[in-house]
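# Analysis of the macromolecular model
Read off the chains here:
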Amino acid sequence: MRIQSRRLIRIVALAALLLPFNVAQADETPSTLNWRIAIASSGTPKYQPGFADFDYVNPQAPKGGKLRLSQFDTFDTLNPLLAKGSVGVGLNLVFETLLKSSLDEISTSYGLLAEAMDWPEDISWVSFRLRKEARFADGTPVTADDVVFSFEKSKELSPRVATYYNHVTSAEKTGEYEVTFRFDEKGNRELPLIIGQLQIVPKHWWEAAGPDGKPRDISRTTLEPVMGSGPYRISNIIPGSKITYELRDDYWGKDINVNVGTNNFGVIDYTYYADRNVEFEAFRGGDTDFWAENEAKRWATSYDFPAVKDGRIKRETPDNDYRSSGVMVGFIPNMRRDKFKDERVREALNYAFDFEELNRTIFFDQYQRISSYFYGSELASSGLPEGKELEILNEVKDLVPPTVFTEPYVNPVGGTPAKFRENLRKAIGLFKEAGYELKGNRMVNVATGQPFGFEIMLNSPIIERVALPFAQNLKKIGVAVTVRSVDPSQFINRWRSRDFDVIYDGWGESLNPGNEQAEYWGSKAAGLEGSQNYAGIADKAVDILINKVIFAKDREDLVASVKALDRVLLHHHYVIPSYTLRNSRLAYWDIFGKPDEYPAYSVGFPDIWWSKSAEKQ
């Protein structure tokens, strides 16, 4: 389940005793008997009808002050639905969803634009009842027409959304403030929840004329400040370099329980940078207020300046944002290219990646090697399959690599000259099995005489320190590799159109995987431009296991199904796994107020933080 890029939170609902989900129900009057205010993945939602606010917020948090943030990238559109161009950061401040996630529960959502929801036992549809007080920034009510419009345009304009909502056949207005979504299959417990993530845009605004007198076109990029129902409006933009958001005094939802203590900054300003080092210097010089570090060397060596030493800049490494997630990141070969279709070739590439040497020499031993598509969570497979996981795998036994049952997946281990030489010998052996041989200093296809080589495409120079040693290692066995860093917009456009050999990218996973797995690894998504099936995976067994995950009947079944899927993906060597850190590295100027304790599953920045300057007003 996916919400937005970079904040990867996914939800799946499990069976309850008498209801198809665990829920908090509204008062049981004849007109609201089946309406629920919340959905939880397991157990009972922590917050029941009538709750005042989330426990982790400061209900008296002051409003005001300015938050200055930076962004590495550029942007060329403010259209939130269109799968074209680079979308400006922060649009979630302008647009809202039907439901809002709690930060101190695993996969639990409460009503935001929708005050309640209902669905039948067979989960063949879900209805949302909108809040009558919800308004867009121009004062127009948020209605069922807006929800239907948002759903239909999202599916029409984004292949990724179309895949995600593949089994949602229609959105129907069943009342002025009620909309019903119908499904083409029953028992998919996640569908009602992921519909709750739908971003709602104003139909009347997009169908009206813009300031230039010409009709707006939601199928095109735009830099006109867009309008939504959220707590902020866009007050200023400098195309490609700056977006400023201003807190709305007339925001309809500022006092509803899920919003109390949030949206505290009066102004949020994003400045874009084309160079990550320049971006850091802007933070160091006091031009931006908050920094999430992504480079081990900089974290270890570049914070000895006066503002850190005298306490004006605070540093911390909380693990909250990682407690409910797993991850796979690495070098992803594009199997739409013939050279990568043989899994022995892909496995050989892994033997040339010496993580241990990199960790020792440039990472200051801060990282861990990834060994699962759900690394860092209870869903990661390990050892040999047993129990229910083994039962599931036996159903696809003839369709998966035999090693799934006989060999635990482990990455090659290097770090010493002897281990590295042995790994390269194994890589050469795998290439030989795949029909290649070393001729002189080149790895050559025996049948065609063509040398084996490829390009690694990166979205910035940051990973060059990892990719270049990898390329040098491959050169030792005759594989010619070039490393090319492109600007973020070109990177996005090329992976969307599948114009690459190998990219460095990844996937975030929640503790409750579901329908998004079909977009990541499913055969249908392999042929869709813009899907997150970067590798081009089209495998019958993987498709079967994805359905096992989506239709898991309870938590035990879900965990076993995910582990089985993870194991099969690993044994096909679709990715050369890299590394991860299971905590955040945060630095920020001492200008913030924040709750005494972070919520269990997030640091809540900037949602529940506030400006100290506002305390004095």
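The rules behind the values
Residues numbered from 1 in each chain as written. Predicted model: local features only at pLDDT ≥ 70, side-chain atom pairs only at ≥ 80, totals over all residues. Heavy atoms only, no water. Helix = DSSP H or I, 4+ residues; strand = E, 2+ residues; numbered from the N terminus. Rg over C-alpha atoms; globule rule 2.2 N^0.38 Å. Buried < 20%, exposed > 50% of the residue type's maximum accessible area, 1.4 Å probe, protein only. Contact = heavy atoms within 4.5 Å. Areas by Shrake-Rupley, 256 points an atom, 1.4 Å probe, with all protein chains shown as cover. Lys, Arg positive; Asp, Glu negative; His and termini not counted. Charge placed at Lys NZ, Arg CZ, Asp CG, Glu CD. Pairing = 2+ DSSP bridges. Salt bridge = Lys/Arg side-chain N within 4 Å of Asp/Glu carboxyl O. Axes fitted to C-alpha atoms, helices over the stretch in contact; angles between N-to-C directions. Parallel < 35°, antiparallel > 145°, perpendicular 65-115°, else oblique. Left-handed = near helix turned anticlockwise from the far one by under 90°. Nonpolar A, V, L, I, M, F, W, Y, C, P; charged D, E, K, R; others polar. pLDDT = per-residue confidence, 0-100.

### So, the overall build of the protein chain
Looking only at helices and strands, one finds 19 helices and 28 strands in the protein chain. For 617 residues, the compact-globule formula gives about 25 Å, and the C-alpha radius of gyration of the protein chain, at 25 Å, lands near that figure. Projected onto its principal axes, the C-alpha positions of the protein chain cover 75 × 60 × 50 Å. Put simply, the protein chain has 617 residues, and 59% of those count as buried. In the protein chain, the share of contacts with a sequence separation of at least 24, taken over all contacts with a separation of at least 6, comes to 71%. As displayed, the protein chain has an accessible area near 24,900 Å², and 48% of this comes from carbon and sulfur atoms. The protein chain carries 75 positive and 85 negative side-chain charges, and their two centres are separated by 5 Å.

### Considerations on the pairing of strand 13 (residues 242-247)
Where strand 12 (residues 232-238) meets strand 13, 6 bridges bridge the pair, whose relative direction is antiparallel. Bridged to isoleucine 238 within strand 13 is lysine 242. What sits between strand 12 and strand 13 in their antiparallel hairpin is a turn of 3 residues, with glycine 240 showing a positive phi close to 80°. Across 5 bridges, the pairing between strand 13 and strand 14 (residues 267-273) is antiparallel. From the neighbouring strand, tyrosine 245 faces strand 14, where its bridge partner is isoleucine 268.

### Here's the deal with the sheet that holds strand 22 (residues 480-485)
Taking strand neighbours across the sheet as the criterion, the 5 strands line up as 22-21-23-17-24 in an open arrangement whose pairing is mixed. Every other strand in the sheet has two partners, leaving strand 22 and strand 24 (576-577) as the edge strands with one partner each.

### Describing the pattern of salt bridges
Any two side chains of opposite charge can pair, on the condition that their charged atoms come close. Within this structure, the stated rule accounts for 34 salt bridges. For arginine 425, the salt bridge identified is with glutamate 422, shortest N-O distance 2.8 Å. Here arginine 425 pairs with glutamate 422, and both are found in helix 12 (residues 417-433), just 3 residues apart, close to one helical turn. Overlapping salt bridges bring together Arg337, Glu455, Arg494, Asp499 and Asp501 as one network.

### Let's talk about the packing of helix 10 (residues 387-394) against helix 18 (residues 555-571)
Two numbers describe how helix 10 lies on helix 18: the axes approach to 8 Å, and their chain directions differ by 55°. By the angle between their directions, the pair helix 10 and helix 18 is classed as oblique. Seen along the crossing, helix 10 lies across helix 18 with a hand that is right-handed. Contact with helix 10, carried on its side by Lys388, Glu389, Ile392 and Leu393, involves Glu556, Asp557, Ala560, Ser561, Lys563, Ala564, Arg567 and Val568 of helix 18 and no other residues of that element. Each residue belonging to the contact of helix 10 with helix 18 can be placed in one class, and the counts come to 5 nonpolar, 1 polar and 6 charged.

### With respect to the environment of alanine 348
Of note, alanine 348 is situated in helix 8 (residues 343-351). Those residues in contact with alanine 348 that lie beyond four places of it in its chain are Ala427, Leu430 and Phe431.

### A look at the confidence of the model for the protein chain
Per-residue pLDDT for the protein chain has a mean of 92; in total, 94% of the residues score no lower than 70. With pLDDT under 50 throughout, residues 1-21 is counted as low confidence; its partners more than four residues away or in other chains account for 83 contacts. This model gives residues 26-33 a pLDDT under 50, and the stretch forms 8 contacts once residues within four places in sequence are excluded.

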